[in-house]
Every structure is written in structure tokens, then in C-alpha cells.
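Here is how the chains run, residue by residue.
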Amino acid sequence: MFVRKKTRPSGTVCVQVIDKSSGRSKVVHTVGHSDSPTEIARLVSAGHAWIARHGGQSVLDFNSGDPPDFFETVSESIESLELVGPDLIFGQLFDEVGFSRLEEPLFRELVISRLAYPGSKLKTVDYLSRYRGQLMEVSRLYRYLDKLHAGQMEQLQQISFEHTRELFGGEISLMFYDVTTLYFEASEEDDLRRMGFSKEGKHRHPQILLGLLVSPMGYPLSWELFHGKKYEGETLLPVLGKFVRRFGIENVIVVADSGLLSRSNMELMEDAGYEYILGARLKNESGEIKEKILDLDLAEGQGAWLKRSDGRKLLVTYSEKRASKDAFNRNRGLQKLEKAVKGGKLGKQHINNRGYNKYLKMEGSLSVSIDYGKFERDAKWDGLKGYITNTELDEEKILANYAHLWQIERAFRISKTDLRVRPIYHRVQRRIEAHICISFCAYKIYRELERQLSEKGAGISVEQAILILKSIFAINVGNPETGEVRKIALVKREDQKTLLKTFGIDWRNLRP
């Protein structure tokens, strides 16, 4: 016996139990009829149950009867297909960090979607609809951004900081600071979005400045937004001071590159009791100090301490690798200048100290040429690097701490590429800040995944893990007789199984 579905002229489907043991098809039981796919699936399931109770075969006979019924029955039992991979691991990390204390399901989805499928809010709504089965208007998402800005951002920063502090054994004193620019897909300026010097080369787009403070392991600690024309050297103290006061941090050592180096910054940090390690601009030092630097004659890996006239300490080191890179960059810059001069593309207005234009000079009143003597004199500085500090740390620790500054450069790079924090499509400041907050939390999860992949010896990168997670789907299967719905993860590949096992995730028992 087998179950057959027969379509009537009215369009309804009649579900019957057919016996073909005598060689002829005979209707032995009519289960019912309906035009509802869900009801039809229930009737088919009931037909199989009837066969089992009356001693017939409980498995469809593919050599007799109507084989397509089996596949139709299965497909009609599937209520939906859903992408679950990102939620399985990113969701677990989200909970471990503590963000679930916010009790906002939409915030969870926004953070995870920023990691899996970053894009505009319209694209996020489309992603949630197509892959997560969550239908919503973009207006609902915007309303939540307003709610996030109004009363949840500080709580999220508190949660993130507490988790990071636990990783460091309860104390954080060494911090790294840098600034980047984020541009907008717009042409109009306002109080926040301003035209300014763009680090991304988007000089025709309004922008904002993002100041970011991170821990030695690259975990984000605090961030602040500034208008697009703000001088980056004036952003350090507001971000650092606000963070230190809020969390009661003591014995602060802040590390920053030469872009944050200014006399006022150093004086303000010293007045506040902060210690610092700042990249130095050696060619901007006094004539006396520059003479001492060039007289050092340092060999590979060597360093020397000099005392500036203001009493601050200057550490100068030499690296052959850096010297080779400096020489390469200078020669490449020279070649571009020579090409431009030869083509007559440079005039008096190009003679300035921006980049390699410093090697230009005027010949007579009309002609621009290259000052090769200045170019050669600059070679004396190849391989030299300086650090200004008010700490009592030795040379080895100064270099080791400053070397971690790449973590914040990497944070900006990942945020801009992997998480696509820019371009920003929002216009209202509160929503811009909420967007940055979501990206801040997403980067926190990104770094936690990276840390745990390393600790667990997974042998794959975050990017590879995300690709695997984006291949894990689940089907929601409904039982027409009982109404029970089960979520079944489609985990078949070994890389999928290995990654989920690494994080102790049982994909066989998912909640619908």
C-alpha cells in the first residue's frame, strides 16, 4: 500500500491509501482532501500512519505507486530554510562577552549581521528577511537605533570593558590610541559631517573623525566621534580622559604615533598624571638634537637615549629593514617627481613640504626642478626611528609596547573592510553614533573569535571561519499530525563539523 495525492477538477487534493497487491490500483482508504499545502502534508502523514496500523508497508515503495509523493511530502513538511551558522558561533561569543544582558534580540541580529553580511541598513533588512526569516520595515530598525543611542550605548561599553578586564586579570593600564576618518555618501556638510583632510583619499566627501582606544590584545576600549575638520592631535585627551575617569583606571600608559605628538598633548598628559610613549618626528627636533642623532652611528638593532631641552627623553633606534624601506620609498617618490617635472606638470604652487614635494625648488622665476642635494642628505635618516616618553621603562619595553600599535591600525582596517563601517549612509548624528556602536561591538566579537580560534588551535583565520559559518543552513520541519516543529542543521562537510565541535556546539539539537 502507498499514499496517493489526486488533484480534483476543483483544485483540491484528495489524499488516498492505494493497494496494488492484486496488480490493480484500489482505493482502500480516503484520508481526506484540502487545498492547503500544510493540511495536505498532514493528510499524507496520516495516510502513512494508517498504512502502518493496518499492516501495510510503512516505507514508500519506489518501484510501485507514485514515487514523487515521497519528495513532495518531505518538501511540504519543510516550513522554512534559515542561515544559522553565524548565529551558532557569533551568538555564543555574543553571550560569553555579556552583550545578551541587554535583552534586545534586534541588537543581537544587527551585530551578527555586521559580522556575516555587513552593509547598509536597507541591505541588513534584506539579509534578515532572506536568510533569517525576519520580516521588518527599515523604519523599525531606525527606531531601534534611536533607542540604542538614547540609553544603551554606555551599558554596552561597560559590558565590553568588563570582559576585556577579565582577560587581563582585572587590570588594564597600557592603552593604544589612534584616529581615522570615515566618509559619507553625501555632498552636504553639517555640524558633524565636514570636509577635511581624508586619510582615505575621499576629499570631496564630508567626513567625521573616529578616535579609538584599544587594549594590547587589540580589544576596543572606547571610541569618540569628532567633526571632520577637527585636528587629530586635539582628540586624544577627551577620549582618554573620559575613559579613565569612568572606569577609574590608574597608572595609565598611552601609546600613540607621531600624529598625536604635540607639546600641548604632552603637557596635558603629564598634568593629568598619565605616562606616554609617542612616536617622534626626528627631523622636526631642534638643530642640536638632530646633530646628535646623526652623530650616533647606530648599527642594526641598536638604540640610544637623548635628553631634549624640555627634559623629556628621546629614544632613537636603527633598523636595516626600515632603512631599506625608507630608501625604496624615497626613490619611488623621486621617480614620480622626475616624471612630473619632465612632463611640465609642476609649478610654483607645488613647492611645499607635503610628502616628496619637499625636494622641489625653483630655477629662475619660471622653472621647477629637483633638489638632488636635499634628496641625498635625507638618506642619512634612513632606518632611524624615534620615541618620546616620560616613563621609566627601558629600551626593550618601550620598543615592545610601541610595536603593539599595529593592533589599532589593524582594528581600523578590519572595521573599514571586513565590517564595512564606512561609507556611512546615515544623516542624523544619533544614528551615526549608534551605527559606530554596533560596529564597535561587532569588532569586539571579531577579536574574541580570533583569540579563541588561536587558543583552541583551530588552524584557520577569522575570515575562513566566517566563510564556513555562512555555509551552514537549517530547515524547520513541521509534523502535520502533532504540530511539532524541529530545526535540523544541514551540517555535512567536515570543515563545518570541525569548527562547530571546536566551540562545543551541538548542532543536532537546535531550538526552532
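For clarity, every value in this text was computed on a predicted model and none was experimentally measured.

**Digging into the overall build of the protein chain**
Here is step 1: Looking only at helices and strands, the protein chain features 17 helices and 16 strands.
Here is step 2: Across the 512 residues of the protein chain, 47% fall into the buried class.
Here is step 3: Counted over contacts in the protein chain with a minimum sequence separation of 6, partners at least 24 positions apart contribute 61%.
Here is step 4: Approximately 26,200 Å² of the protein chain is accessible, and the part contributed by carbon and sulfur atoms is 47%.

**Concerning the packing of aromatic side chains**
Here is step 1: On inspection of all chains with the given rule, the structure shows eleven aromatic pairs.
Here is step 2: Plain terms: the ring middles of Phe243 and Phe247 are 5.1 Å apart, the flat faces sit at 55 degrees to each other, and that makes the pair tilted. One end of the pair is Phe243 and the other is Phe247, both in helix 8 (residues 236-247) and four residues apart, which spans about a single turn.
Here is step 3: Judged by its relative accessible area of 1%, Phe243 is buried.
Here is step 4: We classify Phe247 as buried; its relative accessible area is 11%.

**Considering the sheet that holds strand 1 (residues 2-7)**
Here is step 1: Taking strand neighbours across the sheet as the criterion, the three strands line up as 1-2-3 in an open arrangement whose pairing is antiparallel. Of all strands in the sheet, those with a lone pairing partner are strand 1 and strand 3 (26-34), marking the two edges. This sheet shows a mean twist of 25 degrees between the axes of neighbouring strands, independent of strand direction.
Here is step 2: Where strand 2 (residues 13-19) and strand 3 come together, seven bridges link them in antiparallel fashion. If you follow Gln16 over to strand 3, its bridge partner there is Thr30.

**Digging into unusual backbone geometry**
Here is step 1: Positive phi values are uncommon outside glycine, yet Glu103 reaches one of about 55 degrees.
Here is step 2: For Glu103, a relative accessible area of 71% puts it in the exposed group.
Here is step 3: One non-glycine residue with positive phi stands out, namely Asp297, at about 50 degrees.
Here is step 4: Looking at the element boundaries, Asp297 is found in the loop between helix 10 (287-294) and strand 10 (303-307).
Here is step 5: Under the relative-accessibility criterion, Asp297 is labelled exposed at 70%.

**Some details on a nonpolar patch on the surface**
Here is step 1: Together, Leu81, Ile488 and Leu490 line one region of the surface with nonpolar side chains, adding up to about 250 Å² of accessible area.
Here is step 2: When you line up the elements, Leu81 lands in strand 4 (residues 78-83).

**A look at helix 9 (residues 263-271)**
Here is step 1: Every buried residue of helix 9 is accounted for by Asn265, Met266 and Met269. Down the axis, helix 9 shows its buried residues gathered within 95 degrees of arc, on one side only. Within helix 9, the exposed residues directed more than 90 degrees away from the buried face are Arg263 and Asp271.
Here is step 2: Packed against the buried residues of helix 9 are helix 8, strand 8 (253-256), strand 9 (275-280) and strand 14 (384-389).
Here is step 3: Gly273 lies just past helix 9 and shows a positive phi near 85 degrees.

**Focus: the packing of helix 7 (residues 153-167) against helix 15 (residues 429-455)**
Here is step 1: Two numbers describe how helix 7 lies on helix 15: the axes approach to 11 Å, and their chain directions differ by 20 degrees. Taken together, the axes of helix 7 and helix 15 are roughly parallel relative to one another. Here helix 7 runs over helix 15; the crossing is left-handed. Of the residues in helix 15, those in contact with Met153, Leu156, Ser160, His163, Thr164 and Leu167 of helix 7 are Glu433, Ala434, Cys437, Phe440, Cys441, Lys444, Glu448 and Arg451.
Here is step 2: Among the residues making up the contact of helix 7 with helix 15, the classes are represented as seven nonpolar, three polar and four charged.

**With respect to the packing of helix 7 against helix 8**
Here is step 1: Remark: helix 7 packs on helix 8, axes separated minimally by 12 Å, with the N-to-C direction vectors making an angle of 75 degrees. By the angle between their axes, helix 7 is roughly perpendicular relative to helix 8. Contacts from Glu154, Gln155, Gln157, Gln158 and Phe161 of helix 7 reach helix 8 at Phe243, Arg246 and Phe247.
Here is step 2: Taken together, the residues of the contact of helix 7 with helix 8 break down into three nonpolar, three polar and two charged.

**Some thoughts on the pattern of salt bridges**
Here is step 1: Taken as a whole, this structure holds 26 salt bridges when the rule is applied.
Here is step 2: A salt bridge links Arg312 to Asp310; the nearest nitrogen and oxygen atoms lie 2.7 Å apart.
Here is step 3: A relative accessible area of 35% places Asp310 in the partly exposed class.
Here is step 4: Across the salt bridge formed by Glu450 and Arg447, the nearest N and O atoms sit 2.5 Å from each other. One end of the pair, Glu450, and the other, Arg447, are both in helix 15, three residues apart, so they sit about a helical turn from each other.

Rules of the game
- Residues numbered from 1 in each chain as written.
- Predicted model: local features only at pLDDT ≥ 70, side-chain atom pairs only at ≥ 80, totals over all residues.
- Heavy atoms only, no water.
- Helix = DSSP H or I, 4+ residues; strand = E, 2+ residues; numbered from the N terminus.
- Buried < 20%, exposed > 50% of the residue type's maximum accessible area, 1.4 Å probe, protein only.
- Contact = heavy atoms within 4.5 Å.
- Areas by Shrake-Rupley, 256 points an atom, 1.4 Å probe, with all protein chains shown as cover.
- Phe/Tyr/Trp six-rings, centres within 6.5 Å; stacked < 30°, edge-to-face > 60°.
- Pairing = 2+ DSSP bridges.
- Axes fitted to C-alpha atoms, helices over the stretch in contact; angles between N-to-C directions.
- Patch = residues over 30% accessible without salt bridge, like charges linked within 9 Å, V, L, I, M, F, W, Y side chains within 5 Å.
- Salt bridge = Lys/Arg side-chain N within 4 Å of Asp/Glu carboxyl O.
- Arc of directions from axis to C-beta.
- Parallel < 35°, antiparallel > 145°, perpendicular 65-115°, else oblique.
- Left-handed = near helix turned anticlockwise from the far one by under 90°.
- Nonpolar A, V, L, I, M, F, W, Y, C, P; charged D, E, K, R; others polar.

Any functional reading would require information beyond the geometric quantities listed.
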